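Coordinate analysis (summary)
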Amino acid sequence: MSAEKRVVSGVQRKSDRDNIALRPRRLDDMLGQDRVRENLSILIEAATARSEPIDHVLFYGPPGLGKTSLAYVIANEVAGDIRVTAGPAIERAGDLAAILTHLKKGDILFIDEVHRLGKAVEEILYPAMEDFVLDIVIGKGPAAKSLRLNLPRFTVIGATTRLALLAAPLRDRFGATFRLDFYAEADMQKIVWRAARLLDVEINAEGAREIARRARGTPRVGLRLLRRVRDYAEARADGVITMAATQAALGLMEIDELGLDDIDRRILRIIIENYGGGPVGLDTIAAAISEDSATIMDVYEPYLIQLGFIDRTPRGRTCTRHAYAHLGLPIPEVAADDETQPTLL
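Residues numbered from 1 in each chain as written. Predicted model: local features only at pLDDT ≥ 70, side-chain atom pairs only at ≥ 80, totals over all residues. Heavy atoms only, no water.

On to the pairing of strand E9 (residues 316-319). Bridge analysis of strand E8 (residues 310-313) against E9 gives four bridges, and the strand direction is antiparallel. Note on E9: the bridge partner recorded for isoleucine 310 is cysteine 319. Hairpin geometry of E8 and E9 is characterised by an intervening segment of two residues between the two adjacent antiparallel strands. (Pairing = 2+ DSSP bridges. Helix = DSSP H or I, 4+ residues; strand = E, 2+ residues; numbered from the N terminus.)

Right, here's the structure in full:
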């Protein structure tokens, strides 16, 4: 099963477009990410007091944590128009030039997957971000001429799940960089409550808490689970999302009490049963589940590491005692996380 098709994957799916109406519009509507919200509030207030556009902002972290939502929130806070694009969609330098020349003062240019911009496109973006100018070349060969156009002061907001793949010159041009972390269970419960109210879904405290517990600390996953449990409650229960309805619905989808699905458990079992708990290389795991190694590192691993089920070591991935216990497997006398280097005499 691909990452896009998994219910508990933070990767965006076409069905997630329905979540647009559930997005917060202002910083005060945001739940969780307190440190990021406070820093953004200061950044926006200071820029507004100076009557200037805010500095360029970069968000990074696992998918589904609200990077796009924060871009829209910032646009609302500064009362600017937002233009949304993605790194892979800007194939040529001319594509970016067309976008930049249509921006107005104070507008927001949001670039998702900014680490996937081509080198030629980045070369155009550097002076645009730093000096607000656009350098274009007209013609070819000896007759070619360089033309410099002034641009209005605008703000670039970049989002990436792979900060390490972002070119250093581009990363340095972002004045503010924020990491988005997985949400605490209490914050996830508030998000589920808010979404249920907006969807006009009846839910009790136990049902909201159970969905939040299995949402993997990811709002996109929590909203997806809420919709599936709502469907189950309407079809098989009395229309109210309760603890029993939530457990029955998510049980049918093979999502356990920690939000792990069959693919997550399969990864753990491959490391434990096929390779003695590790260490095992990322490419080996990828081949075993027929998935791309980058997808495993970006989509599957972060939550398993957050739970303390997997360790990344120089020799490969290892499973900890917590993973053995969760799967109900006997813990070896020397588990992977208990290995120590022999004392040198």
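With that settled, consider the nonpolar core. Counting 69 residues, the largest nonpolar core has Phe59, Ile267 and Leu268 as the members making the most contacts within it. Setting aside residues up to four positions removed in sequence, phenylalanine 59 forms contacts with Val36, Leu40, Lys67, Leu70, Ile74, Ile157, Gly158, Ala159, Thr160 and Phe178. Leu58, Val121, Leu166 and Phe174 belong to the second-largest nonpolar core, a separate cluster that totals 25 residues. (Core = buried A, V, L, I, M, F, W, Y, C linked by side-chain atoms within 4.5 Å. Buried < 20%, exposed > 50% of the residue type's maximum accessible area, 1.4 Å probe, protein only. Contact = heavy atoms within 4.5 Å.)

A word on the pattern of salt bridges. Tallied over the full model, the rule gives 20 salt bridges. Ionic pairing is found between glutamate 52 and arginine 50, a salt bridge with its closest N-O pair at 3.2 Å. Glutamate 52 sits in the partly exposed class, given a relative accessible area of 38%. Here arginine 230 makes a salt bridge to aspartate 231, at a shortest N to O gap of 3.7 Å. By relative accessible area, aspartate 231 is classed as partly exposed at 32%. Here the residues in one salt-bridge network are Asp81, Lys104 and Asp107, joined through shared partners. (Salt bridge = Lys/Arg side-chain N within 4 Å of Asp/Glu carboxyl O.)

Moving on to helix H12 (residues 293-306). Helix length check: H12, at 14 residues, gives a terminal C-alpha distance of 19 Å against a target of 20 Å (1.5 Å per residue), a fit within 8%. Of all bends in H12, the biggest is about 45°, found at tyrosine 300, and the proline proline 302 comes one to four residues later. Residues of H12 that are buried: Thr295, Ile296, Asp298, Val299, Tyr300, Glu301, Pro302, Tyr303 and Leu304. Here the buried face of H12 lies against helix H10 (262-275), helix H11 (282-289), E8 and E9. The backbone nitrogen of alanine 294 has a side-chain oxygen 3.0 Å away, supplied by the residue at the start of H12, namely aspartate 292. Of the residues flanking the end of H12, it is glycine 308, one or two places downstream, whose phi is positive at about 80°. (Expected span 1.5 Å × (residues − 1). Bend = angle between axes of the 7 residues up to and from the residue. Polar contact = N/O pair within 3.5 Å; in protein donor to acceptor, adjacent residues only side chain to side chain.)

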